[in-house]
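These are the residues of each chain, in order.
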Amino acid sequence: MTLHEYDVVIVGAGGAGMRAALESSKRARTACLTKLYPTRSHTGAAQGGMAAALSNVEDDNAEWHTFDTIKGGDYLVDQDAAEILCKEAVQAVLDLENMGLPFNRTEGGTIDQRRFGGHTRNHGEAAVRRACYSADRTGHMILQTLYQQCIKQEVEFYNEYYVLDLILDKDPQGTPEGEEVSVAGVIAYELATGEIHTFRAKSVIFATGGAGKVFKTTSNAHTLTGDGMAIAFNAGLPLEDMEFFQFHPTGLAGLGILLSEAARGEGGILRNSEGERFMERYAPTIKDLAPRDMVARAMANEVREGRGCGPHKDYVLLDLTHLEPAHIDAKLPDITEFARTYLGVEPYTEPVPVYPTAHYAMGGIPTNVHGEVLRNNTDKVKGLYAAGECACVSVHGANRLGTNSLLDINVFGRRAGIAAAEHALETAEAAPLDETAAETLNSTVERLRSTVGTSEAESVADIRRELQATMDRNVQVFRDADSLQQAQKDVAALRERFTKIAIHDRGKRYNTDLLEAIELGFLLDLSEVVVLGALNREESRGGHYREDFPTRDDEKFMQHTMVYGGDDLRLDYKPVVVTRYQPMERKY
Ligand SMILES: Cc1cc2nc3c(=O)[nH]c(=O)nc-3n(C[C@H](O)[C@H](O)[C@H](O)COP(=O)(O)OP(=O)(O)OC[C@H]3O[C@@H](n4cnc5c(N)ncnc54)[C@H](O)[C@@H]3O)c2cc1C
């Protein structure tokens, strides 16, 4: 077991982690730990764009963007945070441009912009061109650009280090309100050797990304198992708004692989089995460019009412056939290739079968606008930060607008990086680190290794498959008390079975079998939190739609859900920050 000491340790090297690393490493001694090689992070899979009111092609401003973000989030957005997001958006894009990111250009040479769901001119008049993009590989370009800059700046990366534990100096739940709790470091497992490493630090930033793998049908990579969220939760910190999961309307039917909303931004149209452009009925003003929660529900409803397509009438069609092939090739090359490769469909001439796919966690580790992690509604944990999809600031509220996440990771990644470095510089010494923590993790790992060859043991793959199946079935676009109670029962039974798992690989080198078992534990922890939040939220708002409570209830539920762990899960609420925008009915 090895001990490392840094001013700042960043966990995650996706967009949020590397944007933070660029700021932090300028100011303080920084390490960036990542379970994947940095450029394999999911940010690299992002397709459509990054929002900023540049006004390069149409009149636009940060205030309209802020309003759209708050309305899109169904008024669960913390409005002070949304104002920062949209105001700092322009500089965030220019920063990337200055780093060398090859954005698509207008004929005049400025950054081109396109339409995306829920982004409008003048508070909902019509769709506006706000998304800056690089064909349909915007995330890839962001990730590569940030990585190049990190290399130039000699950021110290620890690649294929899996952080599995967070060390605080006190139990955050056992410490009275108002008393200080500080971060002490993290413990990581090195994939190549099986060695346990302790990283002591004055500041720690979690930037570990999403948790889409709690579902079977998802646009998310296999690695998105919500590690950071689960680790923080298991260290005694709350999770916020986890019942709000975004289902992206256009996953390839049956597979969940994403076709970016840019397809509709560039003119694509959704049709049912009657060839009808059904979004005209659900969102008469902006139609196919309504926010994702509304489009996903409309699609699921068309299928339920018998207007689905295909032999099982279980999907709808995304029609691009009226677009020029040259336009498709220039603006949507990758995603149209996905349709050819995975479904054998030619988008020039045939509509593409699509159905909603689990895409984005609106909830996560609660933070304030500086990225500081909260341990209850008011107290922050000294030196602990979170940014990106694993965090809940909350700028996305109950439903994130497309292109606002690539923005979020840049704006709040940067803020967290600066705040963490400044905190480290002001702090004489890191908090004392509990030396038994590494031992405890080591014995957990050894215990898992010793299960190899155990007969009649449970299989990790089986439990994961059953977990994802019940979440897909019961915690979907439409939910109700019955389906959620079923999910709760299923998750509890699977947790019980999880205590009896055995793995197949006893080795120390590249033991992914062992890590998949640990990741499954994280998925189980998070599923339980998602379901509890969803059961208790007896209203419909954004991505959370309860058939037994179909309207929004601002009186009771214009509040963030906070779930705390321990022997029994505990649920509490936190007020939403309202600055300028009073809630109103959400129509498009
Ligand atoms: C297919 C797809 C398309 C998308 N398109 C868009 C888009 O066009 N516009 C938009 O705004 N948003 C889009 N999104 C959403 C957006 O890409 C993500 O929300 C965002 O990139 C997340 O960035 P992140 O830095 O928080 O996490 P990630 O990029 O997922 O990075 C997470 C990092 O954490 C590390 N990590 C995780 N667990 C551990 C651990 N235990 N120990 C050590 N390291 C760990 C990983 O190695 C990785 O480096 C898309 C998402 C998907 C899936």
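Residues numbered from 1 in each chain as written. Predicted model: local features only at pLDDT ≥ 70, side-chain atom pairs only at ≥ 80, totals over all residues. Heavy atoms only, no water.

Draft legend 1. Up close: the sheet that holds strand S12 (residues 269–271). Taken together, 4 strands build an open sheet; the order of strands is S11-S14-S13-S12 and the sheet is antiparallel. Each end of this open sheet is capped by a strand with a single partner; those strands are strand S11 (245–252) and S12. Averaged over all pairs of adjacent strands, the angle between their axes in this sheet comes to 45°, without regard to strand direction. Note that strand S13 (residues 316–319) and strand S14 (residues 352–361) share 3 bridges and pair antiparallel. Note that in S14 the partner of leucine 317 across the bridge is proline 353. (Pairing = 2+ DSSP bridges. Helix = DSSP H or I, 4+ residues; strand = E, 2+ residues; numbered from the N terminus. Axes fitted to C-alpha atoms, helices over the stretch in contact; angles between N-to-C directions.)

Draft legend 2. Representation of the pairing of S11 within the structure. Most of S11 sits inside the fold, with 8 of its 8 residues counted as buried. Where S11 lies against S14, 6 bridges are found, and the strand directions are antiparallel. Counted as the bridge partner of leucine 252 is valine 354 from S14. (Buried < 20%, exposed > 50% of the residue type's maximum accessible area, 1.4 Å probe, protein only.)

Draft legend 3. Broad picture of the site of the ligand. Taken together, the neighbourhood of the ligand is formed by 39 residues, with His42, Thr43, Gly48, Glu389 and Leu406 sitting nearest. Residue leucine 36 places a main-chain N or O atom 3.1 Å away from an oxygen atom belonging to the ligand. Protein contacts shield 98% of the accessible area of the ligand, which totals 1,000 Å² for the unbound molecule. Where the shell around the ligand is concerned, the elements lending two or more residues are helix H1 (15–27), strand S2 (30–34), strand S7 (161–168), S14 and helix H11 (404–426). If one sorts the elements of the shell around the ligand by residue count, H11 sits on top with 4 residues. Among the residues making up the shell around the ligand, the classes are represented as 16 nonpolar, 19 polar and 4 charged. (Near = heavy atom within 4 Å. Polar contact = N/O pair within 3.5 Å; in protein donor to acceptor, adjacent residues only side chain to side chain. Areas by Shrake-Rupley, 256 points an atom, 1.4 Å probe, with all protein chains shown as cover. Nonpolar A, V, L, I, M, F, W, Y, C, P; charged D, E, K, R; others polar.)

Draft legend 4. Structural context of helix H8 (residues 292–304). The terminal C-alpha atoms of H8 lie 18 Å apart, and with 13 residues this matches the ideal 18 Å at 1.5 Å per residue to within 8%. Among the 13 residues in H8, 12 count as buried, and that is most of the element. Listed in full, the buried residues belonging to H8 are Arg292, Asp293, Met294, Val295, Ala296, Arg297, Ala298, Met299, Ala300, Asn301, Glu302 and Val303. (Expected span 1.5 Å × (residues − 1).)

Draft legend 5. Highlighting the UniProt feature "domain: FAD-dependent oxidoreductase 2 FAD-binding" (unreviewed entry) in the protein chain. Here the UniProt-annotated "domain: FAD-dependent oxidoreductase 2 FAD-binding" (unreviewed entry) positions come out as residues 7–406. End C-alpha atoms of residues 7–406 are separated by 27 Å, and the span's content is 28% helix alongside 25% strand. (UniProt positions renumbered as here; feature names shortened; annotations may be inferred.)

Draft legend 6. Quick peek at the packing of helix H12 (residues 436–449) against helix H15 (residues 512–536). One way to put it is that H12 packs onto H15 with a least axis distance of 10 Å and a crossing angle of 115°. Our classification of the angle between H12 and H15 gives roughly perpendicular. Here H12 runs over H15; the crossing is right-handed. Side by side, H12 and H15 meet where Val445, Leu448 and Arg449 of the first sit next to Leu514, Ala517 and Ile518 of the second. A class-by-class count of the residues in the contact of H12 with H15 yields 5 nonpolar, no polar and 1 charged. (Parallel < 35°, antiparallel > 145°, perpendicular 65-115°, else oblique. Left-handed = near helix turned anticlockwise from the far one by under 90°. Contact = heavy atoms within 4.5 Å.)

Draft legend 7. The arrangement of the pattern of salt bridges in detail. Counted under the stated rule, the structure contains 53 salt bridges. Here arginine 129 ties to aspartate 112 by a salt bridge, and the two come within 3.4 Å at their closest N and O atoms. With arginine 129 in strand S5 (residues 126–132) and aspartate 112 in the loop between helix H3 (79–99) and strand S4 (113–121), the pair connects residues that are 17 residues apart, well separated along the chain. You can call arginine 129 partly exposed: its relative accessible area is 27%. Shared partners join several salt bridges into a network, and the residues in it are Asp74, Asp241, Glu243, Asp293, Arg297, Arg537, Glu539, Arg541, Arg552, Asp554 and Arg586. (Salt bridge = Lys/Arg side-chain N within 4 Å of Asp/Glu carboxyl O.)

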